[in-house]
Amino acid sequence: MPPGTAHAAGGEVRRVGIVGGGQLGRMLTLAAHPLGLAVTVLDPDPGCPAAQVGATQIVGRLDDPAALAALSAATDVVTWEIEHIDADALVALEAGGVLVRPSPSMLAAVQDKFAQKQLLAGAGIAVAATVAFPPLGASAAPDRAAFLVSLVGRLGDPVVVKARRGGFDGRGNHVLSGGDPDALGALTATLGDDWSALYAEASVPFVAEVAVIVARDAAGATVAYPTLRTVQEGGICHTVSVPAGLDPAIDAEAQDLGRRTVALLDGPGVFAVEMFVTPDAVVVNEIAPRVHNSGHLTIEAAATSQFEQHVRAVAGLPLGPTTLRTPAAVMVNVLGRREGPAPSEGLGAALALPDTHVHLYGKTSYPQRKIGHVTALGADAAEVAARALAAREALRT
Ligand SMILES: Nc1ncnc2c1ncn2[C@@H]1O[C@H](COP(=O)(O)OP(=O)(O)O)[C@@H](O)[C@H]1O
Ligand SMILES: [Mg+2]
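Residues numbered from 1 in each chain as written. Chains lettered and ligands numbered in written order. Predicted model: local features only at pLDDT ≥ 70, side-chain atom pairs only at ≥ 80, totals over all residues. Heavy atoms only, no water.

Chemist: Any chance you could break down the site of ligand 1 for me, citing the residues and the numbers?
Modeler: Taken together, the neighbourhood of ligand 1 is formed by 20 residues, with K162, G170, V204, E209 and E286 sitting nearest. At 3.1 Å, a backbone N or O of D169 approaches an oxygen atom of ligand 1. The backbone of A202 places a nitrogen or oxygen atom 2.9 Å from a nitrogen atom of ligand 1. Isolated, ligand 1 exposes 550 Å² of accessible area, and the fraction of that covered by the protein chains is 88%. Residue assignment for the shell around ligand 1 shows that the elements contributing at least two residues are β6 (159–163), β8 (198–202), β13 (269–278) and β14 (281–288). Here the residues of the shell around ligand 1 are counted per class, giving six nonpolar, seven polar and seven charged. (Near = heavy atom within 4 Å. Polar contact = N/O pair within 3.5 Å; in protein donor to acceptor, adjacent residues only side chain to side chain. Areas by Shrake-Rupley, 256 points an atom, 1.4 Å probe, with all protein chains shown as cover. Helix = DSSP H or I, 4+ residues; strand = E, 2+ residues; numbered from the N terminus. Nonpolar A, V, L, I, M, F, W, Y, C, P; charged D, E, K, R; others polar.)

And the structure:
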């Protein structure tokens with residue numbers, strides 16, 4: 001069989017199965033359909049964002065073995081849009097002959113952020129210093145308080161405590177300040193008291209955050225997108241811009257780190273590598289083994305979007321070029337302001353802006369929920385950023 005073609009069931013991939021049908025599944029569906037590929041998603045919410053744009057939906061929990069079996073029976077390849085899923089169930093499907101892409105055992109290896117950091121550090125990739133939490137009994141409050149004090153001594157002040165699994169949009173993180181007299185109470189209030197689920201890392205004094213998105217085809221060849229500058233507020237991605245505006249040597253280092261990181265991860269697909277740029281180094285923050293918020297602007301700004309790229313990769317098709325079609329692009333997330341259906345007013349005002357592209361995900365709104373995004377393209381980075389923000393303000397009425 002020639003490299004680049006699908007193999008497991010021996011046949012061509014015509015039907016793509018996705019675990020999760022949220023906005024990423026929706027944008028994957030919108031990329032797959034023009035290629036003539038059918039999409040089925042597994043999602044617990046009837047009428048999930050992907051189903052709204054024509055994906056067939058299996059309604060079920062993401063970790064329900066029967067639902068996963070139904071998804072694989074209905075499709076030629078299974079992939080995912082979210083990493084917080086039952087990787088072992090996907091490993092079992094693969095062992096049973098289902099084509100799962102990228103590698104489910106790779107997913108199992110990186111789902112735990114602490115294990116992920118150790119994998120990266122072991123490969124010589126710069127990451128923040130980490131400390132595992134000791135498994136203390138529930139009665140050991142003084143020991144716990146003393147351990148937190150010791151953390152500040154070992155890692156510096158403040159320390160970032162993270163949930164090993166399941167975090168997103170900053171929700172699994174807690175900044176621990178050595179000066180807080182009730183550090184233990186504050187930590188327990190945000191991340192709970194199961195210390196086997198936590199670890200700590202040094203706070204990185206970054207001057208910028210960037211992401212490098214890398215795609216790999218079924219034959220192992222990779223392409224990388226230009227480095228993306230990201231701005232997180234309260235742990236949530238707010239703005240992504242390209243070009244990243246980095247010193248060329250720093251940019252080259254970020255690209256190199258992105259490629260070296262993804263070389264550690266098996267299987268065809270799209271991967272994002274989040275990084276911190278400090279005054280003297282580039283440090284990997286985390287891996288997303290999937291399409292990523294930082295890559296949404298590739299829909300309009302790049303020759304091939306990250307979503308089409310992922311579909312191509314998992315379907316055994318050749319990758320497309322990652323070159324930019326525009327001198328500058330800025331994406332801003334549209335975050336919910338209040339509970340209820342997403343507001344529809346403001347769309348006309350946003351669309352009146354030139355070369356400004358609105359994506360609404362068909363999700364109900366609640367404060368700080370990602371309900372859409374806007375990408376603006378143009379020649380001048382500052383003007384493009386202002387236009388993207390103006391469109392978002394119009395939409396968030
Ligand atoms: N060690 C750290 N030092 C400084 N800032 C951090 C650190 N870890 C996380 N952050 C900040 O919090 C954001 C979210 O953290 P991250 O670990 O990427 O969690 P999530 O899985 O929610 O994206 C990061 O983009 C960064 O802005
Ligand atoms: Mg992150």
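The structure having been displayed, the exposition proceeds.
Chemist: Explain the coordination of the magnesium ion (ligand 2) residue by residue, including any values.
Modeler: Four donors placed tetrahedrally about a metal ideally form angles of 109.5 degrees, and six donors placed octahedrally ideally form angles of 90 or 180 degrees. Protein-derived ligands of the magnesium ion (ligand 2) are E274 (OE), E274 (OE) and E286 (OE), with the metal-ligand distances lying across 1.9 to 2.7 Å. Taken together, the residues span a long stretch of sequence, with E274 in strand β13 and E286 in strand β14 at a distance of 12 residues. Per residue, the accessibility class of E274 equals that of E286, and both read buried. (Donors = N, O, S within 2.8 Å, 3.2 Å for Na, K, Ca; no water. Buried < 20%, exposed > 50% of the residue type's maximum accessible area, 1.4 Å probe, protein only.)

Chemist: How would you sum up helix α1 (residues 23–32)? Please name residues and give values.
Modeler: In an α-helix, one turn spans 3.6 residues, which is why side chains three or four residues apart end up on the same side. Burial within α1 is extensive, with nine of its 10 residues counted as buried. Three or more residues of α1 are buried, namely Q23, L24, G25, R26, M27, L28, T29, A31 and A32.

Chemist: Give me the lowdown on the pairing of β13, citing residues and values where you can.
Modeler: The buried fraction of β13 is high, at 10 of 10 residues. By the alternation rule, side chains of β13 split into G269, F271, V273, M275 and V277 and V270, A272, E274, F276 and T278, which are all buried. Bridge analysis of β13 against β14 gives seven bridges, and the strand direction is antiparallel. Counted as the bridge partner of A272 is A288 from β14. Between β13 and β14, which follow one another and run antiparallel, lie two residues. (Pairing = 2+ DSSP bridges.)

Chemist: Tell me about the pairing of strand β19 (residues 370–378), and please be specific about residues and values.
Modeler: Within β19, nine of the nine residues are buried, which leaves it mostly tucked inside the rest of the structure. For strand β15 (residues 328–335) and β19, the ladder comprises eight bridges, and the chain directions are antiparallel. Looking at the pairing, A329 lines up with L377 of β19. Strand direction decides the pairing type here: strand β17 (residues 356–360) and β19, joined by five bridges, are antiparallel. Bridge assignment links H359 to a residue of β19, and that residue is H373.

Read these as spatial facts, not as claims about activity.
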